[in-house]
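# Architecture and fold: a report
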Amino acid sequence: QVQLVESGGGLVQAGGSLRLSCAASGSIFSINAMGWYRQAPGKQRELVALGTNGGNTHYATSVKGRFTISRDTAKNTVYLQMSSLKPEDTAVYYCKAVIVRRVGGPQFQYWGQGTLVTVSE
């Protein structure tokens, strides 16, 4: 079993900051990538930021320069520091991890339960 537990969502005024955390636990051999997606009401889920084991990071154009993804590999945790938040950032934010559960095994995607971020005018 693998679990992803997110925290840090909430209500913030436009221009403010929030930090999201996502901790992976369970039967984990390695984590190849961890990142964040979001889904606003009536819209499809979209990539926000993703970090891979090679040190590469990818950001949605809409958040570049405002959001920063980071990982604590020892704690199997990924963070999303969000600054200069805008009302259009309002969404449920989901953590995703690409995990190998045993040596030589395949990798699978796992999702957290989501945490709501609301940015008011």
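See the structure printed just above.
Residues numbered from 1 in each chain as written. Predicted model: local features only at pLDDT ≥ 70, side-chain atom pairs only at ≥ 80, totals over all residues. Heavy atoms only, no water.

## Looking at the nonpolar core
One finds Met34, Trp36, Val48, Phe67, Leu80, Met82 and Tyr93 to be the most contacted residues of the largest nonpolar core, which totals 29 residues. The set of elements that each furnish at least two residues to this core consists of strand S1 (2-7), strand S3 (18-26), strand S4 (30-39), strand S5 (46-52), strand S7 (67-72), strand S8 (77-82), strand S9 (91-100) and strand S11 (115-120). Per-element tally for this core: the top contributor is S9, with 5 residues. In this structure Phe67 touches Arg38, Val48, Tyr59, Leu80, Gln81, Met82, Ser83, Leu85, Asp89 and Tyr93, once residues within four positions along its chain are discounted. (Core = buried A, V, L, I, M, F, W, Y, C linked by side-chain atoms within 4.5 Å. Buried < 20%, exposed > 50% of the residue type's maximum accessible area, 1.4 Å probe, protein only. Helix = DSSP H or I, 4+ residues; strand = E, 2+ residues; numbered from the N terminus. Contact = heavy atoms within 4.5 Å.)

## Points about the state of the cysteines
Taken as a whole and assessed by the stated rule, the structure comprises 1 disulfide. Note on cysteine connectivity: Cys22 is disulfide-linked to Cys95, with sulfurs 2.1 Å apart. Taking the torsion about the S-S bond as the criterion, the Cys22 to Cys95 disulfide, at about -80°, is left-handed. Taken together, the residues span a long stretch of sequence, with Cys22 in strand S3 and Cys95 in strand S9 at a distance of 73 residues. This pair shows no difference in class: Cys22 is buried, exactly as Cys95 is. (Disulfide = S-S within 2.5 Å.)

## Some thoughts on the pairing of S11
Side chains of S11 alternate between two faces, with Thr115, Val117 and Val119 buried and Leu116, Thr118 and Ser120 left unburied. Of the pairings in the sheet, the one linking strand S2 (residues 10-13) to S11 comprises 4 bridges and is parallel in character. Bridge assignment links Gln13 to a residue of S11, and that residue is Ser120. Pairing between S9 and S11: 3 bridges, direction antiparallel. Residue pairing across strands places Val92 opposite Leu116, the latter belonging to S11. (Pairing = 2+ DSSP bridges.)

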